[in-house]
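Report on the structure
Here is how the chains run, residue by residue.
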Amino acid sequence: MKEKLVAVTGASSGIGRAVAKAFAREGNPLLLIARHMPSIPDLAGAEVTYAEADVTDYEAIEHAVRAAETRWGETECLVNSAGFADARDFHAVSHADFSREIDVDLKGVLNCTKIVIDAMSRRKSGTIINISSISDRKTAPAAVAYTASKFAVRGASESLREAEGKNNVRVINIAPGYVKTNIHASMGISFEQYCALLGNPDFMSAEMLADIVLFCWKLPQSVCIRDLVVAPTRTSF
Ligand code: NDP
């Protein structure tokens, strides 16, 4: 049987990129989305459509999804990984900055979900996997808008799961903490500075998290891991 289309946002880096490689190993055709989305050398030979689009741009994402679906069929799985964190004191964050963070981290998830959910409900099959954060349930004084966005992502995941379970659509909220990626780059700091900011915790690899995402996906469609918190063992956050 031909494998189904998997769309991954934030696929140019970190968790999204590792998730893309994990799904490619399973033989799924992929739609990989980021604002800057170069082809990934490890995926040479895989069935991949690359799209450069901002998750806040609903029309651009819809265009990318429909174009990929023309090639590979309707989207069976969407992994919402695009996002960034602004770990500054709220006094230092402008109105434009926190608005943008909420637009990307929360509304980006809703935008991409909205584009694929109708067909999933109609087909009575599909999976939405939201890469939320452990910050979707734990507060942090230096990440006010990020924490607010992720609390809302968790709420949206749970609400949508309650709505769509009857349609055999899975909505899976994954809440990681401390994954080694490039998330520090959007803060304009080095990985070393980022570690120091966090109190030098352990980190898990993006590949480890991608394997967990794949595990959730590969369970039978009749089984849904609703919410999964995962972080390095030696952390108290
Ligand atoms: P990275 O910075 O490594 O990757 C972020 C990805 O998102 C990039 O591909 C980036 O590409 C894309 N992206 C950012 N903004 C947009 C946008 N507006 N539209 C489309 N794509 C966008 O970070 P991570 O892999 O760590 O982050 C992925 C997700 O994981 C985020 O939602 C983050 O909140 C979450 N997370 C990360 C944790 C960690 O410890 N790293 C812990 C908990 C959650 P481009 O800039 O080209 O658009």
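Structural data are supplied above this passage.
Notes on the structure in this doc start here. (Residues numbered from 1 in each chain as written. Predicted model: local features only at pLDDT ≥ 70, side-chain atom pairs only at ≥ 80, totals over all residues. Heavy atoms only, no water.)

**Some details on the side chain of Arg-161**
Here Arg-161 shows up in helix H4 (residues 144-164). Ignoring sequence-local partners within four residues, the contact set of Arg-161 consists of Val-171, Cys-224 and Arg-226. (Helix = DSSP H or I, 4+ residues; strand = E, 2+ residues; numbered from the N terminus. Contact = heavy atoms within 4.5 Å.)

**Focus on the layout of surface pockets**
In this structure, the largest pocket occupies an estimated 1,200 Å³ of space. Lining the largest pocket are 48 residues, with Gly-83, Phe-84, Ala-85, Tyr-146 and Ile-183 positioned closest to its centre. Only helix H1 (14-25), strand S2 (30-34), helix H3 (95-123), H4 and helix H5 (191-198) provide two or more residues apiece to the lining of the largest pocket. When its residues are assigned to classes, the lining of the largest pocket shows 26 nonpolar, 16 polar and six charged. In this structure, the second largest pocket occupies an estimated 200 Å³ of space. Surrounding the second largest pocket, Phe-84, Ala-85, Asp-86, Ala-87, Arg-88, Asp-97, Arg-100, Ser-186, Met-187, Ile-189, Gln-193 and Leu-197 form its lining. Among the secondary structure elements, those contributing two or more residues to the lining of the second largest pocket are H3 and H5. In terms of residue class, the lining of the second largest pocket is made up of six nonpolar, two polar and four charged. (1 Å grid on protein atoms, 1.4 Å probe; cavity = no way out; pocket = protein on both sides within 12 Å on 5 of 7 lines; lining within 4 Å. Points joined across faces, edges and corners; volume = space filled by probe spheres on them. Nonpolar A, V, L, I, M, F, W, Y, C, P; charged D, E, K, R; others polar.)

**Let's talk about the sheet that holds strand S6 (residues 169-176)**
Spatial strand order, S3-S2-S1-S4-S5-S6-S9: seven strands in an open sheet with parallel pairing. Single-partner strands in this sheet number two, and they are strand S3 (48-52) and strand S9 (227-230). On average, each strand axis in the sheet is tilted by 15° relative to the strand beside it, whichever way the strands run. Relative to S9, S6 runs parallel, the two being bridged by four bridges. Counterpart to Pro-176 in the pairing with S9 is Val-230. Along the sheet, helix H2 (residues 58-72) contacts strand S1 (5-9), S2, S3 and strand S4 (75-80); its crossing angle with S3, the most-contacted strand, is approximately 165°. Lying on the sheet, H3 is in contact with S1, S4, strand S5 (126-131) and S6; it crosses S4 at an angle near 160°. (Pairing = 2+ DSSP bridges. Axes fitted to C-alpha atoms, helices over the stretch in contact; angles between N-to-C directions.)

**A look at the packing of aromatic side chains**
The way to describe two aromatic rings as a pair is by their centre distance and the angle between their planes. As enumerated under the stated definition, the model contains six aromatic pairs in all. With 5.5 Å between their ring centres and 35° between their planes, Phe-90 and Phe-98 make a pair best called tilted. An aromatic cluster of at least three residues, connected via ring pairs, comprises Tyr-178, Phe-191, Tyr-194, Phe-203 and Phe-237. Here the guanidinium or amino end of Lys-138 rests over the ring plane of Phe-237, the centre of that ring lying 5.3 Å away. (Phe/Tyr/Trp six-rings, centres within 6.5 Å; stacked < 30°, edge-to-face > 60°. Lys NZ or Arg CZ within 6 Å of the ring centre and 35° of its normal.)

**A word on the site of the ligand**
Around the ligand lies a shell of 28 residues, among which Ser-12, Ser-13, Arg-35, Tyr-146 and Thr-181 are the nearest. The side chain of Asp-54 places a nitrogen or oxygen atom 2.9 Å from a nitrogen atom of the ligand. One of the side-chain N or O atoms of Thr-181 is found 2.6 Å from an oxygen atom in the ligand. Here the ligand, which alone exposes 880 Å², has 93% of that area covered by the protein. (Near = heavy atom within 4 Å. Polar contact = N/O pair within 3.5 Å; in protein donor to acceptor, adjacent residues only side chain to side chain. Areas by Shrake-Rupley, 256 points an atom, 1.4 Å probe, with all protein chains shown as cover.)

**Some words on the environment of Arg-154**
Topologically, Arg-154 is positioned in helix H4. Distance from Arg-154 to Leu-106, taken between C-alpha atoms, is 9.7 Å for residues 48 residues apart in sequence. Apart from residues lying up to four places away in sequence, Arg-154 is in contact with Ser-132, Asp-136, Arg-137, Asn-173 and Asp-227.

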